[in-house]
Amino acid sequence: MDSLRVVFGWVKHIGARVLAPLRVDPDNSGFRLSSPETSTTTLDGDVGWASRPPALLRCNRCDSDISQRYPLDDIDCTRCVATYDYDEFADLELQHFLCPVCGSEMEHGRRHPDVIDVPEWATCHGCRYHWEFRHDF
């Protein structure tokens, strides 16, 4: 009878180890495609200029950093009197985007530099958030 319990314990232990990777983890949402246009596997993502991550820009007048939280907000320097309309974004130097999920600096770039004046993508290497500019290229 003791040997039967030992065998049952081993089978139960091995079964639990085999099934562990298949169980759902409530803390992990799992991988999903961030958007159909990106073709990258990330944990989270958005598409379109309206959902662009917060940006840190350089003021053309005093060279200080300007934060623009939302893409359609006016860009006002807190150090000097410079103000820029939201559509002047491309005229300012982009320092970096800030990840809306974890707050890290994001890598960004342009795929069509001769056509589009603003960044077309940004990726956070910390949490794998990815943003794409929507276009029909």
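Anything mentioned here points back to the structure above.
Residues numbered from 1 in each chain as written. Predicted model: local features only at pLDDT ≥ 70, side-chain atom pairs only at ≥ 80, totals over all residues. Heavy atoms only, no water.

(A) Representation of the nonpolar core within the structure. Leu57, Tyr84, Phe89, Phe97, Met106, Tyr129 and Trp131 are the most contacted members of the largest nonpolar core, which totals 23 residues. When neighbours within four sequence positions are excluded, Phe89 is seen to be in contact with Trp49, Arg52, Ala55, Leu57, Gln68, Ile75, Leu94, Phe97, Val118 and Pro119. (Core = buried A, V, L, I, M, F, W, Y, C linked by side-chain atoms within 4.5 Å. Buried < 20%, exposed > 50% of the residue type's maximum accessible area, 1.4 Å probe, protein only. Contact = heavy atoms within 4.5 Å.)

(B) Spatial organisation of the pairing of strand 8 (residues 93–98). Of the pairings in the sheet, the one linking strand 4 (residues 55–58) to strand 8 comprises four bridges and is antiparallel in character. Among the inter-strand pairings, Ala55 is bridged to a residue of strand 8, identified as Phe97. Across two bridges, strand 8 lies against strand 9 (residues 105–109) in antiparallel orientation. Following the sheet pairing, Leu98 is matched in strand 9 by Glu105. (Pairing = 2+ DSSP bridges. Helix = DSSP H or I, 4+ residues; strand = E, 2+ residues; numbered from the N terminus.)

(C) Spatial organisation of the sheet that holds strand 9. Read from one edge of the open sheet, seven strands run 3-11-10-9-8-4-5, paired in mixed fashion. The sheet terminates laterally at strand 3 (44–47) and strand 5 (65–68), the two strands that pair on one side only. When the angles between neighbouring strand axes are averaged without regard to direction, this sheet yields 25°. Pairing geometry for strand 4 and strand 5, over four bridges, is antiparallel. The residue bridging Leu57 from the neighbouring strand is Ile66, located in strand 5. (Axes fitted to C-alpha atoms, helices over the stretch in contact; angles between N-to-C directions.)

(D) Fine view of the pairing of strand 11 (residues 129–132). What you see with strand 11 is no split at all: Tyr129 and Trp131 on one side and His130 and Glu132 on the other are buried throughout. The sheet contact formed by strand 3 and strand 11 spans four bridges and is parallel. By the bridge assignment, Gly45 is partnered in strand 11 with His130. Summarising the sheet, strand 10 (residues 121–123) and strand 11 pair through three bridges and their orientation is antiparallel. Bridge assignment links Thr123 to a residue of strand 11, and that residue is His130.

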